[in-house]
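Breakdown of the fold
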Amino acid sequence: MKMVKLMAVAVGVSVVATPVLAASLSSKERARVARAAPRDRDDVRYCLLKGKKGRDKGTVIGAAGGAGVGLIAGGGVGETLLGAGAGALAGRVIGKGQGTNKECDRVLARNK
């Protein structure tokens with residue numbers, strides 16, 4: 001039962017920290033915004049932030065889901081952590097694709 005509480009605390013901290021981590025752009029992303037056409041700069045910045053938030057949210061959800069499956073299946077600590085890692089990786093990939101809509105995809109494709 002202690003492992004369940006520990007995992008719940010870890011998921012709670014991750015969910016709280018997710019907006020903080022996604023609030024800024026990396027230097028490469030800032031350079032991409034600067035290279036964009038002047039009329040598209042705000043849209044590019046918005047779409048990059050939206051994609052980053054989706055990717056981070058997917059990572060947290062995937063990790064929680066993987067850990068939950070590991071706990072329900074009755075695995076030990078190693079299996080639970082392995083499930084959390086695999087879920088986080090899958091959630092990150094899925095969240096990255098689902099974080100933006102068609103309009104953002106067009107804006108980002110136009111301003112590489």
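Residues numbered from 1 in each chain as written. Predicted model: local features only at pLDDT ≥ 70, side-chain atom pairs only at ≥ 80, totals over all residues. Heavy atoms only, no water.

Considerations on the overall build of the chain
Test applied: Counting from the N terminus, the helices are the DSSP runs of H or I reaching at least four residues and the strands are the DSSP runs of E reaching at least two. Summary of the burial criterion: residues with accessible area below 20% of their type's maximum are buried, those above 50% are exposed, and those between are partly exposed, where the area comes from a 1.4 Å probe applied to protein chains only. Any pair of residues with heavy atoms lying within 4.5 Å of one another is described as a contacting pair. Surface exposure here means Shrake-Rupley accessible area, sampled with a 1.4 Å probe, where a residue is shielded only by the protein chains that are shown.
Across its full length, the chain holds five helices and zero strands. Moving toward the C terminus, one meets the helices and strands of the chain in the order α-α-α-α-α. Within the chain, buried positions represent 30% of all 112 residues. When contacts within the chain are restricted to residue pairs at least 6 apart in sequence, those whose partners lie at least 24 apart make up 74%. Of the roughly 7,300 Å² that the chain leaves accessible, carbon and sulfur atoms contribute 66%.

Re the nonpolar core
Taken as a class, soluble globular proteins show a tendency for nonpolar side chains to be buried jointly. The criterion, for reference: What is meant by a nonpolar core is a set of buried Ala, Val, Leu, Ile, Met, Phe, Trp, Tyr and Cys residues, joined one to another through side-chain atoms within 4.5 Å.
Counting nine residues, the largest nonpolar core is built from Leu25, Val33, Ala36, Val44, Cys47, Leu48, Cys104, Val107 and Leu108. Contact partners of cysteine 104, with chain neighbours within four places excluded, come to Tyr46 and Cys47.

Purely spatial values, then, with no claim about function.
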